[in-house]
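Observations on the three-dimensional arrangement
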Amino acid sequence: MFGQRLRLARKRAGLSMRELADAMSPKVTAQAISKYEAGKMLPSSAVLVGLGKALDVSLDFLMSAQIEALEAVEFRKHSRASARDRAKAEAIVMDNLERYLAIEHILDIETGVDWVERRCYDSVASESQIDERADHLRDIWKLGLNPIPSLCELLEDKGIKVVEVDLPDSINGLSCHVLRGGGIVAEAVVVSSRINVERKRFTLAHELAHRIIRSTGNPAIELERAINRFAGAFLVPGQSLRKEVGNNRRRITGYEIVRLKHIFGVSSTALLMRLGQVGVVSEEFVRHAFATFARTWRRSEPDPIQPDHGFATFEKPRRFRRLVARAVGEELISPVRAAALLNQPLELIERQIRGSAI
């Protein structure tokens, strides 16, 4: 287990074995690090501390056995995302999930969920069926047809670990199984803290979709396209969209699309795509829009939702922070431990304990 953790921490830091050896104090060889990672040798206490400092990780992370591995990792990434970016993202996510599971263990809260197996699909007969399955999930979760105020809160209520972290620029988010003892102990959805709220909400829905649609079983429907359609349908039900703009339109203005974007909390690009998918406008009009008035939307979001306004006010994972505060309140952990779990200054934690900062 230590060797695996060391490898993850090194990948997170983006270092080769030689580069890590050069950064170490006390000095060790790249061959020694290779043996540590292979489980053939354990470091001394001094070397262990040096590894933690060189890699900027806690000794708890290097020595912990909370998580054995992440499985079925699905990335929402740019085409330029490298293998190093993906490895770094996994290490960052595992570090955060370690702390999440640690606080649940302290509070004696069960981490496992079983909703995924009951809701997942391995075949898609048509693209319209994807919409039906997104609507079905909304029905099961009793969401109605109104916009979802917070995807973070919804997923956390369903037992899914939601983590917002500083991922590499090329990766917007990911979803995964969290493994321990040979079995799945949690489902996790991770989103980058670098992206705007419109993209964040779609990314969360996209990663949820990866846990629902495992494959299409249909060569005519590419998996990623199906995932994107499910995410759009889950956030913007066709019935709700038609109620706002009508069943059939020859054309629709950019002003209307931007207004809809603030109603549903998704990007203008996603709204335009969704209007075409449900048949409010033709696919020909969608292509024309992207070639004319919407040609810059993929690069620059029109009238973006401002931080701490509208959906941005609610779209934040809060459960982990609440659990840490609870553990402090029940005197199960110290403020120092809380600061380490939250990766925040002790002074800030102490102010929050007094109620002078949130």
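Structural data are supplied above this passage.
A short tour of the structure in this document, coming up. (Residues numbered from 1 in each chain as written. Predicted model: local features only at pLDDT ≥ 70, side-chain atom pairs only at ≥ 80, totals over all residues. Heavy atoms only, no water.)

A short note on the side chain of Glu315
Examined against the element boundaries, Glu315 turns out to sit in the loop between α16 (311-314) and α17 (319-329). If we skip the residues at most four places from it in the chain, Glu315 touches Pro149, Ser150, Leu151, Cys152, Glu164, Val197, Lys200, Arg201 and Leu204. (Helix = DSSP H or I, 4+ residues; strand = E, 2+ residues; numbered from the N terminus. Contact = heavy atoms within 4.5 Å.)

Things to note about the sheet that holds strand β3 (residues 171-180)
Judged by pairing direction, the sheet is mixed, and its 4 strands sit side by side in the order β1-β3-β4-β2 without closing on themselves. The open sheet is flanked by β1 (69-77) and β2 (161-165), the only strands paired with a single partner. Strand after strand, the sheet turns through a mean of 20° between neighbouring axes, direction not considered. Pairing of β1 with β3, which is carried by 7 bridges, proceeds in the antiparallel orientation. Paired with Phe75 across the two strands is Leu174, which belongs to β3. Seen against the sheet, helix α10 (residues 197-212) touches β1, β2, β3 and β4 (183-192) and runs at an angle of roughly 35° to β3. (Pairing = 2+ DSSP bridges. Axes fitted to C-alpha atoms, helices over the stretch in contact; angles between N-to-C directions.)

Let's talk about helix α12 (residues 238-245)
Buried within α12 we find Gly238, Ser240, Leu241 and Val245. Projected down its long axis, α12 carries its buried residues within an arc of 160°, all on one side. Exposed side of α12, more than 90 degrees from the buried face: Gln239 and Lys243 are the residues found there. On its buried side, α12 packs onto α13 (254-264) and α14 (268-277). (Buried < 20%, exposed > 50% of the residue type's maximum accessible area, 1.4 Å probe, protein only. Arc of directions from axis to C-beta.)

Here's the deal with the pattern of salt bridges
One pass over the full model with this rule turns up 23 salt bridges. Between Lys200 and Glu164 there is a salt bridge, with its nearest N and O atoms 3.2 Å apart. Of this pair, Lys200 sits in helix α10 while Glu164 is found in strand β2, placing the two residues 36 residues apart along the sequence. Take Lys200: its relative accessible area is 8%, and that puts it in the buried class. Overall, Glu164 belongs to the partly exposed group, its relative accessible area being 27%. (Salt bridge = Lys/Arg side-chain N within 4 Å of Asp/Glu carboxyl O.)

A look at the packing of helix α18 (residues 335-342) against helix α19 (residues 346-354)
Each pair of packed helices can be summarised by the angle the axes make with each other and by the distance between the axes. The geometry of α18 relative to α19 is characterised by a closest axis approach of 9 Å and an angle of 115° between their N-to-C directions. Our pair here, α18 against α19, has a crossing hand that is right-handed. Contact residues: Pro335, Val336, Ala338, Ala339 and Leu342 in α18; Leu346, Ile349 and Ile353 in α19. Residues that form the contact of α18 with α19 fall into these classes: 8 nonpolar, no polar and no charged. (Left-handed = near helix turned anticlockwise from the far one by under 90°. Nonpolar A, V, L, I, M, F, W, Y, C, P; charged D, E, K, R; others polar.)

Remarks on the pairing of β2
Within β2, 4 of the 5 residues are buried, which leaves the element mostly enclosed by the surrounding structure. As paired strands, β2 and β4 are joined by 5 bridges and run parallel to one another. Considered in β4, the bridge of Lys161 is made with Ala188.

Overview of the environment of Asp56
Structurally, Asp56 can be placed in the loop between α4 (45-55) and α5 (59-63). Along the primary structure Asp56 and Ala9 are separated by 47 residues, whereas in three dimensions their C-alpha atoms are 8.4 Å apart.

Describing the environment of Met63
Secondary-structure assignment places Met63 in helix α5. Taking the C-alpha atoms as reference points, Met63 and Gly279, separated by 216 residues in sequence, lie 55 Å from one another. Aside from chain neighbours lying at most four places away, what touches Met63 is Phe2 and Leu48.

Re the packing of aromatic side chains
A full pass over the atoms with the stated rule returns 5 aromatic pairs. Ring centres 6.4 Å apart and planes at 45° place the aromatic pair Phe285 and Phe293 in the tilted group. Phe285 gets classed as buried once you look at its relative accessible area, which sits at 8%. When its relative accessible area of 32% is taken as the criterion, Phe293 is described as partly exposed. Grouped by ring-pair contacts, the aromatic residues Trp141, Phe230 and Phe234 constitute a single cluster. One residue, Arg298, lies across the ring of Phe290, its end atom 4.1 Å from the ring centre. (Phe/Tyr/Trp six-rings, centres within 6.5 Å; stacked < 30°, edge-to-face > 60°. Lys NZ or Arg CZ within 6 Å of the ring centre and 35° of its normal.)

By themselves, these are just geometric observations and shouldn't be taken as functional.
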